[in-house]
Amino acid sequence: MKSAVETLNPTRVRLTVEVPFEELKDSLDAAYKKINQQVTVKGFRKGKVPARVIDQRFGRGAVLEEAVNDALPKFYTDAVNEAELSPLGQPEVDITELKDGETLNFTAEVDIRPAIEIPDYSGIEVEVDAVEVTDEDVDKSVEQLRERFASTTPVERAAEDGDVVTIDLEAKVDGEVLEDGVASGVSYTIGSGELLDGIDDAVKGLEAGGEATFTSELKGGSAAGKEAEVTVKVTQVAKRELPELDDDFAQLASEFDTLEELKADSRKRLENMKQYDQATQAQERVLDKLLELVEVPVPEKLLEDEINTRKHNLEHHQLGQMGLDLAKYLEIQGKTEEEFETETREAAIKGIKTQFVLDELVKQEKLNVNQEELTEHLMRRAASSGMSPDQFAQAVVEQGQVPLLVGEVARGKALAVVVEKATVKDTNGETVDLEDDEDEAAEAAEAETTEAPEAAAEDKAEEKTEG
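Predicted, not measured: the structure shown is a model, and the values here were computed from it. (Residues numbered from 1 in each chain as written. Predicted model: local features only at pLDDT ≥ 70, side-chain atom pairs only at ≥ 80, totals over all residues. Heavy atoms only, no water.)

**What to know about the overall build of the protein chain**
Turning to step 1, where the next piece is worked out: Each helix and strand counted, the protein chain has 15 helices and 11 strands in total.
Turning to step 2, where the next piece is worked out: Its C-alpha atoms give the protein chain a radius of gyration of 32 Å, clearly above 23 Å, the size a compact globule of 467 residues would have.
Turning to step 3, where the next piece is worked out: Counting only C-alpha atoms and orienting by the principal axes, one finds that the protein chain spans roughly 100 × 65 × 40 Å.
Turning to step 4, where the next piece is worked out: Expressed as a percentage of its 467 residues, the buried residues of the protein chain come to 34%.
Turning to step 5, where the next piece is worked out: For the protein chain, the accessible surface area stands at approximately 28000 Å², while carbon and sulfur atoms represent 45% of it. (Helix = DSSP H or I, 4+ residues; strand = E, 2+ residues; numbered from the N terminus. Rg over C-alpha atoms; globule rule 2.2 N^0.38 Å. Buried < 20%, exposed > 50% of the residue type's maximum accessible area, 1.4 Å probe, protein only. Areas by Shrake-Rupley, 256 points an atom, 1.4 Å probe, with all protein chains shown as cover.)

This is how it looks when you write it as structure tokens:
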């Protein structure tokens, strides 16, 4: 076999391959054997039909087609390896010549990873937000904790802002009650904005047994996005009572004996969280600076696939879970379809460039991923997916995604090398030592997520809808 490579552009090549016919022998033998198992010829046992009879009855062309289809992947792979290419996606193959008994010639066009030169990145400088925690921040944190320990007491009066009402709901669209539009015994805090638009005005002023009807756009369910006539009946009104901010509250809500100790701990947690955010901000800004230094051609086909994947994930996973379609999402975000298309394309380009550059850094810095690092990454991914580590690991293995996880860890290590060599200062002009804070901040972030699942869920939802 002989092959040659023609560079069509920095991210696409054409392979021209010439295969002597004798190299098709194994594939021809396999083709005859396969056809033998599929056909029946009178006078011959199944699987024992001679090759000349198959040629006469079914045509030599059918045998050649089967043999070529079987052999092409191997010859293509051999040509790629010989040229030391890194192909992206499937090739476009064109058989240019097939002469029985003489030769097989074909071409294969395929996108490849571009050659990238990583310049000296030790001079990168970025600015990040300073870690500053105010007394107001601490008070807000303690107040949120206090809200979680609020108690309710039924009252015999009209509902007011901040009250917790128990309600029954019935939603109609075009005069018909929806199958999933009836709910009983729903607990709702007036003013929280957690249910339907318009419900606050409807229930305020009602006593237990009171009823009101209002119109609202449904946020989820079978009629999501449609206007519905909603009837709400109040079955109980309860007043929310917050515990006193004193040492007793500290002992109730935490492991601390005094309110001052609780506040000190809240301050430390907030500092750790801001340090974690600062480290993340530094990584993002260093990466942006690095990408500015490197010329990275992007294959058009790969870009198109990445854009389509991002759109599919947004529409069918993220928005689907929220009961939204793309049009409603764009309306909420205040974006036009053109702006969405532009942002998606820019994000896809950045994602592809990031992977190419960091993968090149992995090779340049000779970075490896050990089992402990892979396991830690797997544990984090499992936690974020809502699966147990065992379930996640099994899914990764079954779907053949272990190399993807290894790549993620390696790219993370490559970025860490760049960040380590960068100069990072905060808005106060102070040099930031990220290495000292990273582990502690990560632990604090995990602890905060564990203690405040509602807030974490809301943050995750906001991150997903940012596109």
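**Some points on the UniProt feature "domain: PPIase FKBP-type" (unreviewed entry) in the protein chain**
Turning to step 1, where the next piece is worked out: Following the UniProt record, the feature "domain: PPIase FKBP-type" (unreviewed entry) maps to residues 162-215 here.
Turning to step 2, where the next piece is worked out: Secondary structure across residues 162-215 divides into 9% helix and 54% strand, with the first and last C-alpha atoms of the span separated by 22 Å. (UniProt positions renumbered as here; feature names shortened; annotations may be inferred.)

**Some words on the packing of aromatic side chains**
Turning to step 1, where the next piece is worked out: For the structure shown, the criterion picks out 1 aromatic pair.
Turning to step 2, where the next piece is worked out: Judged by centre distance (6.2 Å) and plane angle (85 degrees), the ring pair of Phe 149 and Phe 249 falls under edge-to-face. Of this pair, Phe 149 sits in the loop between α4 (135-148) and β6 (151-154) while Phe 249 sits in helix α6 (residues 247-253), and the two are 100 residues apart along the sequence.
Turning to step 3, where the next piece is worked out: For Phe 149, a relative accessible area of 32% puts it in the partly exposed group. (Phe/Tyr/Trp six-rings, centres within 6.5 Å; stacked < 30°, edge-to-face > 60°.)

**Overview of the pairing of strand β9 (residues 211-217)**
Turning to step 1, where the next piece is worked out: With burial as the criterion, only one face of β9 is covered, namely that bearing Ala 212, Phe 214 and Ser 216; the residues Glu 211, Thr 213, Thr 215 and Glu 217 on the opposite face remain uncovered.
Turning to step 2, where the next piece is worked out: Bridge analysis of β9 against strand β10 (residues 227-241) gives 7 bridges, and the strand direction is antiparallel. Of the residues in β10, the one forming a bridge with Ser 216 is Ala 228. (Pairing = 2+ DSSP bridges.)

**Overview of the domain arrangement of the protein chain**
Turning to step 1, where the next piece is worked out: The domain boundaries assigned to the protein chain delineate domain 1 (2-111), domain 2 (151-241) and domain 3 (253-449).
Turning to step 2, where the next piece is worked out: If you average the C-alpha positions of domain 1 and of domain 3, the two centres end up 44 Å apart.
Turning to step 3, where the next piece is worked out: Counting residues at the interface gives 4 residues for domain 1, matched by 6 residues for domain 3.
Turning to step 4, where the next piece is worked out: Both faces combined, the contact of domain 1 with domain 3 buries some 370 Å², and carbon together with sulfur accounts for 80% of it.
Turning to step 5, where the next piece is worked out: Taken together, the links from domain 1 to domain 3 amount to 0 salt bridges.
Turning to step 6, where the next piece is worked out: Remark: the boundary between domain 1 and domain 3 carries 0 residue pairs in polar contact (both at pLDDT 80 or more). (Domains from an automatic or database assignment. Contact = heavy atoms within 4.5 Å. Buried area = accessible area lost by both parts, 1.4 Å probe. Salt bridge = Lys/Arg side-chain N within 4 Å of Asp/Glu carboxyl O. Polar contact = N/O pair within 3.5 Å; in protein donor to acceptor, adjacent residues only side chain to side chain.)

**A closer look at the pattern of salt bridges**
Turning to step 1, where the next piece is worked out: Taken as a whole and assessed by the stated rule, the structure comprises 32 salt bridges.
Turning to step 2, where the next piece is worked out: Where Glu 160 meets Arg 157, a salt bridge forms, and the shortest distance between an N and an O atom there is 3.8 Å.
Turning to step 3, where the next piece is worked out: Owing to a relative accessible area of 43%, Glu 160 belongs among the partly exposed residues under this scheme.
Turning to step 4, where the next piece is worked out: On the basis of relative accessibility, which here comes to 23%, the residue Arg 157 falls in the partly exposed class.
Turning to step 5, where the next piece is worked out: Linking Asp 288 and Lys 350 is a salt bridge whose minimum nitrogen-to-oxygen distance equals 2.7 Å. One end of the pair, Asp 288, is in helix α7 (residues 259-293); the other, Lys 350, is in helix α10 (residues 337-364), with 62 residues separating them in the sequence.

**Some details on the packing of helix α1 (residues 25-38) against helix α2 (residues 51-58)**
Turning to step 1, where the next piece is worked out: Contact geometry for α1 and α2: axes closest at 11 Å, N-to-C directions at 70 degrees. Our classification of the angle between α1 and α2 gives roughly perpendicular. Handedness of the α1/α2 crossing: left-handed. Residue-level contacts link Tyr 32, Ile 35 and Asn 36 of α1 to Ala 51, Ile 54 and Asp 55 of α2.
Turning to step 2, where the next piece is worked out: A breakdown of the residues in the contact of α1 with α2 according to their chemical character gives 4 nonpolar, 1 polar and 1 charged. (Axes fitted to C-alpha atoms, helices over the stretch in contact; angles between N-to-C directions. Parallel < 35°, antiparallel > 145°, perpendicular 65-115°, else oblique. Left-handed = near helix turned anticlockwise from the far one by under 90°. Nonpolar A, V, L, I, M, F, W, Y, C, P; charged D, E, K, R; others polar.)

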